[in-house]
Amino acid sequence: MQTETASMVPAAELVAVLDRVGLGMTNAAIGAAMNLSVGTVKNHLREACDRLETANRIQVFARAWQSGLLTRSASVGATPALTDEQTLIVRIWAAGGHRTDVARALEVREHAAELYEDAVLNVFDTRTRVAAVRRALEHQLIDPAGDTLAELTTPMAADSGQGRTRHHRAKGAADVSGPVTMPPAEPDHRSDPLVRAVAMLRSACGLVVHLGALAGLPEVPSLVGVLAGATPPRAAPTVVRLVHQALALGVPCALVLPAVAVDPDRAVAVIGLGTAWSCAVRQDAYNGSAAYVLAAHRLGVTTDDLLVVCTADQAPAAADAGFRRVLTTTSVVPKTEPRPAPVPELNALERQIAELAAEGLAIAEIGGRVHAGEYLVRHRLADLRRRAGAVDDAHLAVRLITTKLIDTERLRTGLPDRVPELDQVGRAVITLICTGTMSEAGANGVGLSLHEARTIEARVVRALSPRRSRAHAAAVALLTGIVTLPPTKPVPRHGADGSGAVSPTPRKGQ
């Protein structure tokens, strides 16, 4: 049989090979089961290790298991009782470590480390390390997400919450299976938001994530995508890593969608979580709390045993549903400061044109007010957009208002007495307009298709602007507090070419 390269075969075949690796099968046995040559199986494993940046077949299997794409058989028999040292050994195996790494971590000689490893294999009643790792994963004894050999093999290291003691006795193999006298140290949950979140996840029976907590995250290719040739991520966002931790622990996950949202697979596929959810529930336009209650019912878990991750504006809805453990993205996702946007210096004519455009006047009306032709008005607005790094007139109006380069007195005089009320989806769409991110990627980030976002945009613009103007609607939303953006310091532009949109800041109590 002619050997094929792994890059020419479907990623599903590579996943099937990894699934059989976890059963403890040899390359020859895998080849016989899949009608492949031993050389082809070796090429597949080598390609998978390269793509997933893993060291050996055990680590690549653990990484594939963590992704949730492998067959997860139910645990059989009683959960094996492991000492802290034995748990640490299994974690080292799952991280791609060898006997020398075990010896370094336990501070023993390699001969003693071999006896320690044999004791672990006896506990799992197997002779292969990868089968022991699989049984440990099935019984949720280890969580390989985030483990690195550098941390696991550091002698006298602090406890990470998974069986790593602060001190090892290391007196030989005579007491390999004996009790550990030193109690594990408590992890410092204040140092890392992910550590705190995982600590709460370990005592939970389910995880509920609102789609808003995933909005705007960078793309994370799935395991199949990486095996098919996509570049593996260097550092996954914290919320994504938390979902991966839940999958590794066997904790079911539910996704809560806004009232108007597309299919959850498309909404979250860009960050590699398309297959992570046990169920997805849509919120009602008038009762956001009901979706959280329904998600708990679908998972078969009480609200006391669920962990919720959502945006700050969704926290009240989750609390009203009876959830006590709620993490908002402000405490889970590290905040990043937006890049300063280029701000132009305006002359009197440009300032007058920009103010009239923000009031929603058409080109011809602006020309009549400033006694200039339509061509000049269009040219000046285009030049202002270029200098301010704005994508359209609405984005330009927001930029100039936040930098206080135009007078908003007439705009404030014309504001309605009663601020129009927008639902969550409407606020999301007007935020896209204000930040210049109304695109396919921006719409997908809030769980909408671009067509759906455009449809909602028409409704929002009608509600906010009597002139049916996007620029005026954006200005009204900003001045009335419907959209809250961080203030931009008016720095004159000197050769800057940035065009990044200012990230919206959630309003308190929304």
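Criteria and thresholds
- Residues numbered from 1 in each chain as written.
- Predicted model: local features only at pLDDT ≥ 70, side-chain atom pairs only at ≥ 80, totals over all residues.
- Heavy atoms only, no water.
- Helix = DSSP H or I, 4+ residues; strand = E, 2+ residues; numbered from the N terminus.
- Contact = heavy atoms within 4.5 Å.
- Axes fitted to C-alpha atoms, helices over the stretch in contact; angles between N-to-C directions.
- Parallel < 35°, antiparallel > 145°, perpendicular 65-115°, else oblique.
- Nonpolar A, V, L, I, M, F, W, Y, C, P; charged D, E, K, R; others polar.
- Core = buried A, V, L, I, M, F, W, Y, C linked by side-chain atoms within 4.5 Å.
- Buried < 20%, exposed > 50% of the residue type's maximum accessible area, 1.4 Å probe, protein only.
- Salt bridge = Lys/Arg side-chain N within 4 Å of Asp/Glu carboxyl O.
- Arc of directions from axis to C-beta.
- Phe/Tyr/Trp six-rings, centres within 6.5 Å; stacked < 30°, edge-to-face > 60°.
- Pairing = 2+ DSSP bridges.

Some remarks on the environment of M438
- The topology assignment puts M438 in the loop between α22 (424-434) and α23 (440-445).
- The spacing of M438 and A453 is 15 residues in sequence and 8.0 Å in space, taken between C-alpha atoms.
- Ignoring any residue separated from it by four or fewer positions in sequence, one finds M438 in contact with V429, L432, I433, L450, A453, R454, E457 and R470.

Focus on the packing of helix α6 (residues 99-106) against helix α7 (residues 110-123)
- Remark: α6 packs on α7, axes separated minimally by 9 Å, with the N-to-C direction vectors making an angle of 100°. By the angle between their axes, α6 is roughly perpendicular relative to α7. Seen from α6, the contacting residues are R99, T100, V102, A103 and L106; seen from α7, they are E110, A113, E114, Y116 and E117.
- Class assignment of the residues belonging to the contact of α6 with α7 gives a composition of five nonpolar, one polar and four charged.

Considerations on unusual backbone geometry
- Of note, the phi angle at E107 is positive, near 60°, even though the residue is not glycine.
- On the secondary structure map, E107 appears in the loop between α6 and α7.

Comments concerning the nonpolar core
- Membership of the largest hydrophobic core comes to 49 residues, with the highest contact counts inside it found for I430 and L464.
- Elements that contribute at least two residues to this core include exactly α17 (348-358), α18 (363-370), α19 (374-388), α20 (393-402), α22, α24 (450-464) and α25 (470-479).
- Residue contributions to this core peak at seven residues, all from α25.
- Contact partners of L464, with chain neighbours within four places excluded, come to P420, L422, I430, A473, V476, A477 and I482.
- Residues I30, L36, A48 and V133 belong to the second largest nonpolar core, which totals 45 residues.

Here's the deal with the pattern of salt bridges
- Within the structure shown, the criterion is met by 16 salt bridges.
- A salt bridge links R410 to E355, with the nearest nitrogen and oxygen atoms 3.7 Å apart. Remark: E355 occurs in helix α17 and R410 occurs in helix α21 (residues 409-413); sequence separation between them is 55 residues.
- Residue classification places E355 among the buried residues on the basis of a relative accessible area of 10%.
- Across the salt bridge formed by R454 and E457, the nearest N and O atoms sit 3.1 Å from each other. Residue R454 and its partner E457 are both found in helix α24; the two are separated by three residues, about one turn of the helix.
- Overall, the relative accessible area of 40% leaves R454 in the partly exposed class.
- Salt bridges sharing common partners tie together E350, D383, R386 and R387.

Examining the packing of helix α5 (residues 84-94) against α7
- One can describe the packing of α5 onto α7 by two numbers: an axis separation of 10 Å at closest approach and a directional angle of 90°. In this view, α5 runs roughly perpendicular relative to α7, as classed from their interaxial angle. For the pair α5 and α7, the contacting residues are E85, Q86, I89, V90 and W93 in the first and Y116, E117, A119, V120, L121 and V123 in the second.
- Grouping the amino acids of the contact of α5 with α7 by side-chain chemistry returns eight nonpolar, one polar and two charged.

Some thoughts on α18
- Of all the positions in α18, only I363, I366, G367 and V370 are classed as buried. Down the axis of α18, the sector holding all buried residues measures 100°, keeping them to one side.
- Lining the buried residues of α18 we find α17 and α19.

What to know about the environment of T311
- Along the chain, T311 falls in the loop between β4 (306-310) and α15 (315-320).
- Given a relative accessible area of 13%, T311 falls into the buried group.
- Counting along the chain gives 16 residues from T311 to L327, while the straight-line C-alpha distance between them is 8.3 Å.
- For T311, the residues in contact, after removing those within four places along its chain, are G212, A213, T328 and T329.

Notes on the packing of aromatic side chains
- Inspection of the entire model under this criterion finds two aromatic pairs.
- Plain terms: the ring middles of F61 and W65 are 6.0 Å apart, the flat faces sit at 55° to each other, and that makes the pair tilted. With F61 and W65 both in helix α4 (residues 57-67), this residue pair falls four residues apart, about one helical turn.
- You can call F61 buried: its relative accessible area is 0%.
- Aromatic side chains Y292 and F323 sit 6.1 Å apart centroid to centroid with 70° between the ring planes, which places their arrangement in the edge-to-face category. Of this pair, Y292 sits in helix α14 (residues 289-299) while F323 sits in the loop between α15 and β5 (325-328); the two residues are 31 residues apart in sequence, bridging distant segments of the chain. Accessibility classification places Y292 together with F323 in one group, the buried group.

Here we look at the sheet that holds strand β2 (residues 253-257)
- In spatial order, the strands read β3-β2-β1-β4-β5; together these five strands make up an open sheet with parallel pairing. Both edges of this open sheet fall to β3 (279-282) and β5, since each of them pairs with a single strand only. Strand-to-strand twist of the sheet, defined as the mean angle between neighbouring strand axes without regard to direction, takes the value 20°.
- Its contacts with the sheet put α14 on β1 (206-210), β2, β3 and β4, and the angle it makes with β3 is roughly 160°.

Looking at helix α2 (residues 27-34)
- Where α2 is concerned, the buried positions are N27, I30, G31 and M34. Angular distribution of buried residues about the axis of α2 spans 100°; they occupy a single face of the element.
- At the C-terminal side of α2, N35 shows a positive phi close to 60°.

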